[in-house]
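# Notes for the structure review
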Amino acid sequence: MRMLRCLATLFLLMMTVLPLKAATAIADADLTALVNALGAGDFDATEQAIAALAASGDDRVAGILDKLGNGELVTRKADKAVFIGEKADKDFKLTDPVTGADAGIVPKATVDKLKVNNKLRRAIATAVGTLTLRNADPKVRLAAAEAVMKSQDAAAIPALDAAIGAETDAAVKTAMISARAAAVLASDLPDSEKAKAVDTIADLGTRDALGMIAPYAGQAGPIGDAVKAATTAINAKLALWDAGQNIWYGLSLGSVLLLAAIGLAITFGVMGIINMAHGEMVMLGAYATFGVQELIRNNAPELFDYSLLIALPVAFVTAGGVGILIERSIIRWLYGRPLETLLATWGVSLILQQAVRTIFGANNREVGNPSWMSGAFTIGEMQVTWSRLWIIAFAAVVFLSLIGVLKKTALGLQMRAVTANRPMASAMGIRTPFIDALTFGLGSGIAGLAGVALSQIDNVSPNLGRGYIIDSFMVVVFGGVGNLWGTLVGAMTLGVANKFLEPYAGAVLGKILLLVFIILFIQKRPRGLFALKGRAVEA
Amino acid sequence: MSMTFTRRTFGLLAFAGALSASTMLAHAEDTIKVGVLHSLSGTMAISETTLKDTVLFLIDEQNKKGGVLGKKLEAVVVDPASNWPLFAEKARELISKDKVSVVFGCWTSVSRKSVLPVFKELNSILFYPVQYEGEESERNVFYTGAAPNQQAIPAVDYLMKEEGVKRWVLEGTDYVYPRTTNKILEAYLKAKGVPAEDIIVNYTPFGFADWQTEVSKIKAFGAEGKKTAVVSTINGDANVPFYKELGNQGIKAEDIPVVAFSVGEEELAGMDTKPLVGHLAAWNYFESVDTPENAEFIDAWHKYIGNDKRTTNDPMEATYIGFNAWVKAVEAAGTTDTDPVIDALPGTTVPNLSGGYATIMPNHHITKPVLIGEIQDDGQFDIVSQTAPVVGDEWSDYLEGSKDLISDWRKPMNCGNFNVVTGKCGGAG
Amino acid sequence: MLTYWLTNGFDRKAQIVTAVLVALAIVVPLGSLLPPDDSVLHISTYQVTLFGKYLTYALLALAVDLVWGYCGILSLGHGAFFALGGYACGMYLMRQIGTRGVYADPVLPDFMVFLNWKDLPWFWYGFDMAWFAFLMVILVPGLLAFVFGWFAFRSRVTGVYLSIITQAMTYALLLAFFRNDMGFGGNNGLTDFKDILGYSIQSPGTRAGLFAASALFLAFFFVVASALTRSKLGKVLVAVRDAESRTRFIGYRVEHYKLFVWTLSAVMAGVAGALYVPQVGIINPSEFDPAASIEAVIWVAVGGRGTLVGALIGAVVVNFGKTWFTGMLPELWLFALGGLFVIVTLFLPTGIVGLFARLKSLRKPPVAPVAVANQSGGAS
């Protein structure tokens with residue numbers, strides 16, 4: 001770091017000499033020489049070359065450094081010249097980074113990729129940040145301010161001062177002022193300046209802010225006092241947010257449990273089949289997602305963001321179809337003998353697992369996140385990842401549509417009729433075998449939908465289902481067999497309870513405590529939270 | 001051939017006898033049998049299946065070169081199904097029924113511990129190709145994977161030097177490898193002057209899938225003003241959700257790098273690595289190693305397996321080294337009998353795939369260079385650091401119970417746990 | 001009284017089974033010890049340990065059959081009792097290692113030295129004595145089953161619910177034993193045993209002895225189970241299985257009967273586990289895996305539920321199949337096992353024993369057909 005700081009100081013000296021306002025440009029040949037230095041030696045040498053490039057202040061530098069950070073630069077082995085390299089089949093298409101001129105296509109073996117490590121990535125981020133503080137695009141300026149803030153580089157103060165003076169966008173200006181405060185803390189400016197900087201940062205009230213000022217808590221005088229006061233205030237605020245965060249985590253775990261269990265609530269809860277192959281239906285859904293993504297990757301990569309939407313019906317039909325097949329060939333012989341369905345479906349689950357292992361291999365398969373499911377945003381100090389948010393929303397949609405199907409459609413009515421009283425339903429003209437197959441298919445299909453969601457956060461491997469089967473049964477039994485609302489409440493309760501136990505008891509003990517709790521709970525209410533009443537229960 | 005006779009003796013075994021007799025007839029007499037003891041089903045199949053294929057591939061290559069001692073090699077593959085007692089049963093079956101000369105197998109420590117008494121009792125040879133926690137040196141086992149000093153400590157050194165890391169999160173799955181590695185690392189870091197409050201150690205169960213709380217804890221720990229890194233000994237299945245959560249919560253390698261000891265090319269193949277660029281792994285081999293030997297190996301492997309997307313990884317290289325060392329030792333000893341081969345193995349030197357040589361040491365561990373790689377967006381690793389070969393240290397200097405122990409299986413010491421303070425060969429001797 | 005009770009149970013089937021088991025207990029050890037290695041009569045150590053293992057599985061299956069086949073309690077957690085018995089035995093074997101561990105610590109097992117533990121945890125005290133360990137083999141599973149059953153049967157948790165919470169129980173224990181902080185060696189479990197009762201565990205004599213012990217224990221429990229099921233108590237159990245409420249209304253304290261047979265069954269499973277561990281040489285938390293317990297249920301279903309002989313046959317046949325498949329056709333093992341589950345539940349509701357009974361009745365047409373249909377409804 002010290003090396004970096006020295007170089008940056010040097011660079012600043014140069015900056016003060018060079019006019020700051022006007023975009024600077026240096027001769028192509030000089031720039032080329034600087035760029036070529038990137039590939040001259042080891043990481044330390046590259047780091048110096050980055051600083052030297054940044055010091056040139058040329059407009060093109062930021063772009064070139066970006067490319068370096070993305071690993072798009074190569075060196076030609078023959079003369080160590082640096083180019084932008086694009087893969088073209090087995091060869092590389094070279095472009096001059098300075099002039100943008102085409103430098104021909106060369107075999108892969110004649111070039112070396114310019115490697116970057118984390119240290120270089122940080123150096124690049126700082127350099128690009130400082131260079132783009134005056135960019136025309138406010139978004140770029142904001143990102144630059146954030147990058148500079150993260151680097152806490154005292155040498156950036158003059159550049160920040162100049163940028164703050166010229167800034168018109170209020171949000172960007174605030175970010176720059178914070179960045180300046182962070183840089184001041186790292187500088188050797190007088191304590192009064194630093195105390196002010198502490199206040200500025202403390203006003204942000206974030207965890208990062210806390211981290212930035214924390215090292216100065218031990219100092220005597222105004223800085224230490226300011227830090228201590230700020231720390232107390234921020235911690236109080238964070239505690240509140242932490243509780244919120246835990247609830248959020250709990251809900252998101254609960255929604256995963258709900259998704260995994262809701263299909264089982266149909267096959268087990270409504271139909272009374274102890275469906276041990278339920279987890280494998282989830283797995284089939286995940287593999288269907290994999291299949292869809294593979295097709296899209298190979299044939300229509302531009303559709304990748306929609307891959308999950310396309311996968312939903314595919315997974316539903318695949319898992320549902322397999323479910324109907326299982327019902328027609330095996331389960332229909334076993335109605336009224338729930339414990340035997342357990343054995344048969346366990347056998348089915350082994351066969352499905354091994355079949356998937358034989359077809360797709362034992363390895364994990366890659367299922368990518370579409371862009372709208374990647375990353376996170378923050379509400380105050382609470383971080384919300386998009387994937388979890390979408391999964392919660394998805395679970396809610398699936399749950400409500402299922403309720404809708406069961407309560408509002410003719411099919412749902414017939415399903416409920418058959419499960420309530422089979423002979424009577426049959427006497428009323430309902431084709432009970434047909435309804436059985438459809439109900440089981442529906443439960444399995446929903447498990448397939450769960451598989452689409454789970455493929456986003458978990459392994460897509462033949463063992464995927466095994467991880468969820470026990471939890472799913474716990475949720476359904478806890479919530480009360482035969483009651484979808486019970487499943488919802490059960491999943492959410494277990495999810496939130498798990499997440500509140502985890503920080504104190506640890507992940508394993510927390511889970512054990514929950515299992516013990518369920519065992520005891522069943523003693524108290526042998527038929528779960530929301531037990532069905534009436535004679536049908538004994539069936 | 002005793003099986004066929006016991007059939008006459010009593011009826012219960014008849015079926016067994018008939019079945020095994022029919023299979024035994026199929027074996028020609030003039031081959032050398034090589035046992036392959038890797039799980040092909042169950043939870044460990046995900047990792048071990050590749051190693052089974054590797055051994056078959058190596059045997060195939062060797063047979064093309066004319067076999068060993070003028071005889072062809074013949075693989076005997078069994079499936080211990082990720083079930084630890086079954087490992088012991090299958091090991092016994094391989095050695096006493098199929099009469100294999102050597103066994104390549106095991107992945108988890110518990111499977112190795114399970115078969116160990118069998119190999120000792122029946123005096124056979126096991127090549128164990130996976131990085132492990134050390135604290136073991138047995139006469140009948142050759143450890144071609146890394147000991148903790150061949151993986152963990154150099155990785156931490158790299159982070160301290162190159163990344164200036166001051167705070168450490170040691171995150172692992174709760175089993176013996178992470179426990180030991182973290183114990184060693186904790187002692188090492190403290191010896192390097194890292195205060196206790198700057199180290200947190202955390203364990204999660206196998207197959208842990210909901211990483212939200214753990215990752216946010218790491219994030220909070222990393223936001224306290226000092227450069228922080230995570231040393232991950234998270235095992236197998238739990239890795240994908242862990243890295244997905246890291247990516248989603250926006251923890252970038254530039255901010256909090258994660259260095260992993262159990263994540264290789266195979267594991268990355270199941271992930272979208274774009275958000276993970278820059279996170280690290282420490283191994284003794286990467287598929288991206290740029291040497292002619294490696295290029296040739298990968299080429300032959302792709303031809304054999306008929307799929308040029310199949311990756312190679314560190315345990316494969318360890319299998320490769322172990323296999324070649326065994327071939328060389330058998331040729332030197334002129335026999336496949338256990339004792340002469342065990343005596344011939346220490347000192348045997350074979351080329352590895354990263355452009356150097358691996359030597360079997362008297363402690364039955366091997367020399368390996370330590371490579372640190374950064375994850376790239378194509379699922380490969382960019383090698384950012386490579387050390388000279390390091391000798392595997394079976395008894396860690398950083399653990400209370402084992403710092404006084406050494407191992408040397410050459411005569412006259414011939415001991416796996418010699419205590420240099422008491423001057424005695426401990427344990428069973 | 002007791003003699004009457006036992007002789008009453010000692011019917012022809014029990015006589016045959018006992019005779020076979022006792023004969024095995026004599027012949028196999030002799031065959032493994034007396035003839036030289038290359039003799040036609042020699043039985044290899046591999047076979048002795050393998051069949052010894054099958055016998056312990058058979059005892060576990062017998063335990064499952066007793067509660068499931070005769071009392072309608074489908075336990076998906078019997079593996080827990082088996083494993084607890086195994087751990088009790090394993091702890092004894094660990095303490096016998098003494099200074100022969102790799103760190104040569106006279107008291108602490110290797111894995112504790114390895115994790116820098118200084119003192120033996122309290123629950124390891126006493127396990128250096130064989131009688132104490134044997135007591136624990138019976139007490140620990142028995143006590144757990146008693147407490148669990150006491151709560152569950154009194155609150156009338158039945159059928160599927162009971163199955164699920166037995167599964168929750170074994171799953172919770174699985175997670176607990178995986179934790180290294182528990183002091184049971186975590187995932188690596190207990191292994192590298194040296195002696196049992198002063199004899200080297202690897203010597204052929206000890207192996208033969210363990211085999212004989214397994215056969216004799218199995219014979220003993222078989223006679224007990226057979227006597228039990230033929231007694232009046234056994235009739236009540238079957239009544240509970242077929243119509244629990246009706247039995248209760250007649251005036252029987254159903255929960256007492258259930259609790260008794262449940263606890264007895266757990267003890268049997270514990271003994272099976274204790275015999276299993278020295279023969280396979282390792283005990284690890286994966287024995288608590290719910291899948292292992294389900295597999296034990298399958299053995300019973302394959303052999304023939306509700307017939308004690310069936311449990312034994314099922315355990316041996318399925319495990320023999322496992323040994324054979326995982327050796328010869330490893331990729332097909334799970335297909336075979338899975339297919340077996342499906343076929344047995346669909347076509348052989350009374351298992352192999354039932355199949356033979358059916359074949360016999362086919363040969364003698366005038367006899368009324370054996371009721372094979374739906375006696376398996378159980379608690380449903």
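Rules behind the numbers
- Residues numbered from 1 in each chain as written.
- Chains lettered and ligands numbered in written order.
- Predicted model: local features only at pLDDT ≥ 70, side-chain atom pairs only at ≥ 80, totals over all residues.
- Heavy atoms only, no water.
- Helix = DSSP H or I, 4+ residues; strand = E, 2+ residues; numbered from the N terminus.
- Rg over C-alpha atoms; globule rule 2.2 N^0.38 Å.
- Buried < 20%, exposed > 50% of the residue type's maximum accessible area, 1.4 Å probe, protein only.
- Contact = heavy atoms within 4.5 Å.
- Areas by Shrake-Rupley, 256 points an atom, 1.4 Å probe, with all protein chains shown as cover.
- Lys, Arg positive; Asp, Glu negative; His and termini not counted.
- Charge placed at Lys NZ, Arg CZ, Asp CG, Glu CD.
- Buried area = accessible area lost by both parts, 1.4 Å probe.
- Salt bridge = Lys/Arg side-chain N within 4 Å of Asp/Glu carboxyl O.
- Polar contact = N/O pair within 3.5 Å; in protein donor to acceptor, adjacent residues only side chain to side chain.
- Nonpolar A, V, L, I, M, F, W, Y, C, P; charged D, E, K, R; others polar.
- Arc of directions from axis to C-beta.
- Core = buried A, V, L, I, M, F, W, Y, C linked by side-chain atoms within 4.5 Å.
- Pairing = 2+ DSSP bridges.
- Axes fitted to C-alpha atoms, helices over the stretch in contact; angles between N-to-C directions.
- Patch = residues over 30% accessible without salt bridge, like charges linked within 9 Å, V, L, I, M, F, W, Y side chains within 5 Å.
- Phe/Tyr/Trp six-rings, centres within 6.5 Å; stacked < 30°, edge-to-face > 60°.
- Lys NZ or Arg CZ within 6 Å of the ring centre and 35° of its normal.
- pLDDT = per-residue confidence, 0-100.

### Describing the overall build of chain A
Along the backbone of chain A there are 20 helices and seven strands. Taken over the C-alpha trace, chain A has a radius of gyration of 31 Å; the compact-globule value for 539 residues is 24 Å, which it surpasses by more than 25%. Counting all 539 residues of chain A, 52% fall into the buried class. Put simply, 69% of the contacts in chain A that link residues at least 6 apart link residues at least 24 apart. Taken as a whole, chain A presents about 22500 Å² of accessible surface, with 64% of it coming from carbon and sulfur. Mean positive and mean negative side-chain charge positions of chain A (48 and 43 charges, respectively) differ by 11 Å.

### What about the interface of chain B and chain A?
The partner chain A presents 48 residues to the 50 residues of chain B that form the contact. For the pair chain B and chain A, the summed buried surface comes to about 4000 Å²; carbon and sulfur atoms form 41% of the total. Together, Gln 212, Lys 244 and Asn 248 of chain B form the three largest contributors to the area buried by chain B at its contact with chain A, with a combined 16%. Joining chain B to chain A, the criterion identifies six salt bridges. With a closest N to O distance of 3.2 Å, Glu 162 of chain B and Lys 119 of chain A form a salt bridge. In this structure, the connection of chain B to chain A is made through 23 residue pairs in polar contact (both at pLDDT 80 or more). Going through the elements one at a time, helix 3 (45-64), helix 6 (152-163), helix 8 (212-222), helix 9 (239-248) and strand 15 (381-386) of chain B are the ones with two or more residues in the side of chain B that touches chain A. When residues in the side of chain B that touches chain A are grouped by element, the largest group, six residues, is from helix 8 of chain B. By residue class, the composition of the side of chain B that touches chain A is 20 nonpolar, 14 polar and 16 charged.

### Side note on the interface of chain B and chain C
In this complex, chain B contributes 54 residues to the contact, which on the side of chain C involves 52 residues. The interface formed by chain B and chain C includes four salt bridges. A salt bridge links Lys 120 of chain B to Asp 192 of chain C, with the nearest nitrogen and oxygen atoms 3.7 Å apart. Joining chain B to chain C, the criterion identifies 15 residue pairs in polar contact (both at pLDDT 80 or more). Elements that contribute at least two residues to the side of chain B that touches chain C include exactly helix 1 (2-9), helix 2 (14-26), strand 2 (72-78), helix 4 (84-97), helix 5 (109-122) and helix 7 (176-191) of chain B.

### Some thoughts on helix 9 (residues 232-242) of chain C
All names here are of chain C. Buried within helix 9 are the following residues: Gly 234, Val 236, Leu 237, Val 240 and Arg 241. The buried residues of helix 9 occupy an angular sector of 155° when projected down its axis, which confines them to one face. For helix 9, the exposed residues lying more than 90 degrees away from the buried face are Lys 232 and Lys 235. On its buried side, helix 9 packs onto helix 3 (45-71), helix 8 (204-230), helix 10 (244-250) and helix 11 (254-280).

### Here's the deal with the side chain of Ser 361 of chain C
Residues and elements named next belong to chain C. Examined against the element boundaries, Ser 361 turns out to sit in helix 15 (residues 351-363). Judged by its relative accessible area of 18%, Ser 361 falls in the buried class. There is a polar contact of 2.7 Å between the side chain of Ser 361 and the backbone oxygen of Arg 358.

### Concerning the nonpolar core
Among the nonpolar cores identified, the biggest contains 375 residues, and Trp 168 and Trp 326 of chain B are the most heavily contacted of them. In terms of residue count, the dominant contributor to this core is helix 3 of chain C (19 residues). Apart from the residues within four sequence positions on either side, Trp 168 of chain B is in contact with Val 156, Leu 159, Met 160, Leu 189, Val 194, Asp 198, Ile 199, Ile 200, Phe 221, Ala 229 and Val 231 of chain B.

### So, the sheet that holds strand 3 (residues 91-95) of chain A
All names here are of chain A. The strand order across the open sheet built from five strands is 4-3-2-1-5, with neighbouring strands paired in antiparallel fashion. Whereas interior strands pair on both sides, the edge strands pair on one side only; in this sheet they are strand 4 (102-107) and strand 5 (111-113). When strand polarity is set aside, the average angle formed by the axes of neighbouring strands in this sheet is 40°. Relative to strand 3, strand 2 (residues 82-88) runs antiparallel, the two sharing five bridges. Across the sheet, the residue bridging to Glu 86 is Lys 93, located in strand 3.

### Points about a nonpolar patch on the surface
Residue and element names in this part refer to chain C. On the surface, a cluster of nonpolar side chains totalling about 610 Å² of accessible area is made up of Val 22, Ile 26, Val 27, Leu 30, Leu 33, Leu 34 and Leu 216. Here the element with the most residues in the nonpolar patch is helix 2 (residues 12-33); it accounts for five residues. Note on placement: Leu 34 falls in the loop between helix 2 and helix 3. Take Leu 34: its relative accessible area is 64%, and that puts it in the exposed class.

### Overview of the packing of aromatic side chains
Within this structure, the stated rule accounts for 55 aromatic pairs over all chains. Here Phe 242 of chain B and Tyr 243 of chain B contribute two aromatic rings whose centre-to-centre distance is 5.4 Å and whose plane-to-plane angle is 65°, an arrangement assigned as edge-to-face. There is no split in this pair, since Phe 242 of chain B and Tyr 243 of chain B are both buried. Through successive ring pairs, a cluster of aromatic residues spans Tyr 87, Trp 122, Phe 123, Phe 177, Phe 184 and Phe 288 of chain C. Here the basic side chain of Arg 112 of chain B rests over the ring of Tyr 128 of chain B, its NZ or CZ set 4.7 Å away from the ring centre. The side chain of Arg 179 of chain B reaches across the aromatic face of Tyr 203 of chain B, ending 4.0 Å from its centre.

### As for the confidence of the model for chain B
When pLDDT is averaged along chain B, the result is 87, and 93% of the positions lie at 70 or above. Throughout residues 1-28 of chain B the model reports pLDDT below 50, and contacts reaching past four residues in sequence, or to other chains, amount to 36 contacts.

### Details of the sheet that holds strand 19 (residues 424-425) of chain B
Residue and element names in this part refer to chain B. Spatial strand order, 17-18-19: three strands in an open sheet with antiparallel pairing. Of all the strands in the sheet, the pair left with one neighbour each is strand 17 (405-408) and strand 19. The pairing of strand 17 with strand 18 (residues 415-419) spans three bridges and is classified as antiparallel. Opposite Asp 408, over in strand 18, you have Cys 415 as the bridge partner.

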